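Observations on chain architecture
As a plain string of letters, each chain reads:
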Amino acid sequence: MFLDVKYPRHNGNSVFNHSLPLEILDLTYDSSSEPNQSSMENGTPVCTNEYCVSDEDYLAMIQDYIYPTPLEWILITLHIVVFVVGLVGNALVCVSVYRNHTMRTVTNYFIVNLALADFLVILFCLPPTVLWDVTETWFFGSVTCKLVLYLQSISVSVSVLTLTFISIDRWYAICHPLSFKSTAARAKTNILLIWLVSILVVLPEAIVLDTRKHPIPLDTIYLTDCTYTWSESSTRIYQLFLLFFLYVVPFLLMAVAYYQIARVLWNKNIPGSSETNHHPSRTNTRLVFPRIQLRLSFPSSPTGSAMPIAPSIPSSTIS
């Protein structure tokens, strides 16, 4: 005997169809058991499910199926560890920057924004999502279906856009230090923009996400899914848009930014080094350009106080 069950997953609008043998459910099927006689036709019992068992037995079969396996209990335990460590770690990041004024730099503002987004998704999204993955059932109703997955998508968008803004900020600071000045006020404005864009980009999820019951011959919440309610083509278009906006574009921007940063840092001479730049001319003469070298030592003055740093400018040498 087989139980034809659909296993909905939140991966677009796709729904996996499986015909599971009864052995997978770890149940014993007795073909001689009495059929479900809740429905009669011409005095003949009619089965209301594919096992011809009572509704109570059929419900027990579903409960046994969604009950966590030993491997899933290990998965739940690991998620509990991630839940505790994630909440404590991200909270400590936010508190450290808030209490230590010297840590309130532009980069740390962006890092706090990352920590805040991760804290919210761990607190509100991790527990129901783990339960959903293990039991293949959404137990929390339509409103929570919209809010939890919407908040989860916002957090992903905020994290990606924050990393992108960090790379752009570092690119300006290293590659164009004179044309751009990064300030705390500008960082806060960028963070506000990140959240606003993230809220708007994934707003369709708050509109079209809803619960959908599995078509089983019982009025039960088991195997209820939280999924998109629009057409499959609309889901595909929306997911392609998210792929482009939250993966392709940020990846290209970060790749270009960090490539140019690495190139500038690799080719940049360290101030105070003894190397000189030689430029050959047509007459095989080389001009050694003068460079200002700062004495990093602090010799004592006759009065015992440190003397100021004085630059020494070597004369130009033409050979």
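Sequence order as written defines the numbering, with residues in each chain counted from 1. Owing to the predicted nature of the model, reporting of local features is limited to residues with pLDDT of at least 70; listing and counting of side-chain atom pairs is limited to 80 or more, with chain, interface and lining totals taken over all residues. Note that water and hydrogens are dropped before the side-chain values are worked out from all heavy atoms of the structure.

**As for the packing of helix H3 (residues 106-124) against helix H4 (residues 126-135)**
Two numbers describe a pair of packed helices, the interaxial angle and the distance between the axes. Let me state the cut-off plainly: An axis is simply a line fitted to the C-alpha atoms; with a helix, the fit covers only the stretch in contact. Between two such axes, the angle follows the N-to-C directions and lies from 0 to 180 degrees. For the purposes of this entry, the term helix denotes a DSSP run of H or I that reaches at least four residues, the term strand denotes a run of E that reaches at least two, and both are numbered from the N terminus. Roughly parallel means an angle under 35 degrees; roughly antiparallel, over 145; roughly perpendicular, 65 to 115; everything else is oblique. Residues are treated as being in contact if the distance between any of their heavy atoms lies within 4.5 Å. When residues are sorted by character, Ala, Val, Leu, Ile, Met, Phe, Trp, Tyr, Cys and Pro go into the nonpolar class, Asp, Glu, Lys and Arg into the charged class, and all the rest, Gly among them, into the polar class.
At their nearest, the axes of H3 and H4 sit 4 Å apart, and the two run at 50° to each other. In terms of orientation, H3 lies oblique with respect to H4. Each of Val121, Ile122, Leu123 and Phe124 in H3 lies in contact with H4, whose residues at this interface are Leu126, Pro127 and Pro128. Here the residues of the contact of H3 with H4 are counted per class, giving 7 nonpolar, no polar and no charged.

**Considering the nonpolar core**
This is how the line gets drawn: Among buried residues, the Ala, Val, Leu, Ile, Met, Phe, Trp, Tyr and Cys ones that are joined through side-chain atoms within 4.5 Å form a nonpolar core. Relative accessibility under 20% of the residue-type maximum defines a buried residue, over 50% an exposed one, and the middle range a partly exposed one, all with a 1.4 Å probe and only protein chains included.
Membership of the largest hydrophobic core comes to 35 residues, with the highest contact counts inside it found for Phe110 and Val202. Of all the secondary structure elements, the ones that give two or more residues to this core are helix H2 (70-99), H3, H4, helix H5 (141-175), helix H6 (184-201), strand S6 (225-228) and helix H8 (232-267). Among the elements that line this core, the one with the most residues is H5, at 8 residues. Not counting chain neighbours up to four residues away, the residues in contact with Val202 comprise Tyr150, Ser153, Ile154, Tyr238 and Leu242.

**Some details on the pattern of salt bridges**
Pairing between side chains of opposite charge can happen when the charged atoms of each approach one another. Rule in force here: One side-chain nitrogen of Lys or Arg within 4 Å of one carboxyl oxygen of Asp or Glu is enough to make a salt bridge.
Evaluation of the coordinates by the stated rule reveals 3 salt bridges. The partner of Arg170 in a salt bridge is Asp169, with the nearest N and O atoms 2.6 Å apart. Classification of Asp169 as buried rests on a relative accessible area of 8%. As a salt-bridge pair, Glu232 and Arg236 come within 3.3 Å of each other at their nearest N and O atoms. Placement of both Glu232 and Arg236 in helix H8 is noted, with a separation of 4 residues, approximately one turn of the helix. Judged by relative accessible area, Glu232 falls into the partly exposed class, the value being 47%. Look at Arg236 and you get partly exposed, because its relative accessible area is 46%.

**Comments concerning the packing of aromatic side chains**
The condition is simple: Centres within 6.5 Å are what make two rings of Phe, Tyr or Trp a pair, Trp counting through its six-membered ring; a difference in plane orientation under 30 degrees is then read as stacked, over 60 as edge-to-face, and the rest as tilted.
Enumeration according to the criterion identifies 12 aromatic pairs in this entry. Aromatic pair Trp138 and Phe140: ring centres 5.3 Å apart, planes at 80°, arrangement edge-to-face. Here Phe241 and Phe245 contribute two aromatic rings whose centre-to-centre distance is 5.9 Å and whose plane-to-plane angle is 15°, an arrangement assigned as stacked. Taken together, the residues span about one helical turn, with Phe241 and Phe245 both in helix H8 at a distance of 4 residues. Look at Phe241 and you get partly exposed, because its relative accessible area is 38%. For Phe245, a relative accessible area of 26% corresponds to the partly exposed category. Taken together, the ring pairs connect Trp132, Trp138 and Phe140 into an aromatic cluster.

**Some thoughts on the UniProt feature "transmembrane region" (unreviewed entry) in the protein**
Rule in force here: UniProt positions are given in the numbering used here, feature names are shortened, and annotations may be inferred rather than shown by experiment.
Mapped onto the present numbering, the UniProt feature "transmembrane region" (unreviewed entry) falls at residues 73-98, 110-129, 149-168, 189-209 and 237-259. Strand forms 0% of residues 149-168 and helix 100%; the C-alpha atoms that close the span are 29 Å apart. This span, residues 189-209, is 90% helix and 5% strand, and a straight line between its end C-alpha atoms measures 31 Å.

**Remarks on the state of the cysteines**
Stated formally: Cysteine sulfur atoms that pair up within 2.5 Å are treated as a disulfide.
For the coordinates displayed, the defined rule picks out 1 disulfide. Between the sulfur atoms of Cys145 and its disulfide mate Cys226 the distance is 1.7 Å. Between Cys145 and Cys226, the S-S torsion sits near 80°, and that sign places the bridge as right-handed. Note that Cys145 is positioned in helix H5 and Cys226 in strand S6, a separation of 81 residues in sequence. Grouping residues by exposure puts Cys145 and Cys226 together as buried.

**Thoughts on the packing of H5 against H6**
Note the cut-off: Note: crossing handedness is left-handed where the near helix turns anticlockwise from the far helix by less than a right angle, and right-handed where it turns clockwise.
Direction vectors running N to C along H5 and H6 enclose 140°, while the axes themselves pass 9 Å from each other. Comparing the axis directions of H5 and H6 gives the class oblique. The crossing of H5 and H6 is right-handed. Seen from H5, the contacting residues are Tyr150, Ile154, Ser157, Val158, Leu161, Thr162 and Phe165; seen from H6, they are Asn190, Leu193, Ile194, Trp195, Val197, Ser198 and Ile199. Per-class residue counts for the contact of H5 with H6 are 10 nonpolar, 4 polar and no charged.

**Section: the side chain of Thr135**
Cut-off, in case you're wondering: Counted as a polar contact is a pair of N or O atoms within 3.5 Å, where, for protein atoms, one must be capable of donating a hydrogen and the other of accepting one, and residues adjacent in sequence contribute only when both atoms are in side chains.
Within the secondary structure, Thr135 is located in helix H4. One polar contact links the side chain of Thr135 to the main-chain carbonyl oxygen of Leu131, over a distance of 2.7 Å. In contact with Thr135, other than residues within four places in its own chain, are Ile66 and Leu223.

**Considerations on H8**
The cut-off we apply is this: A helix is expected to reach a length of 1.5 Å times the quantity of its residues less one.
In this model, H8 (36 residues) spans 51 Å end to end at C-alpha, consistent with the 52 Å of a helix rising 1.5 Å per residue. Looking at the buried residues of H8, the elements they touch are H5, H6, helix H7 (203-208) and S6.

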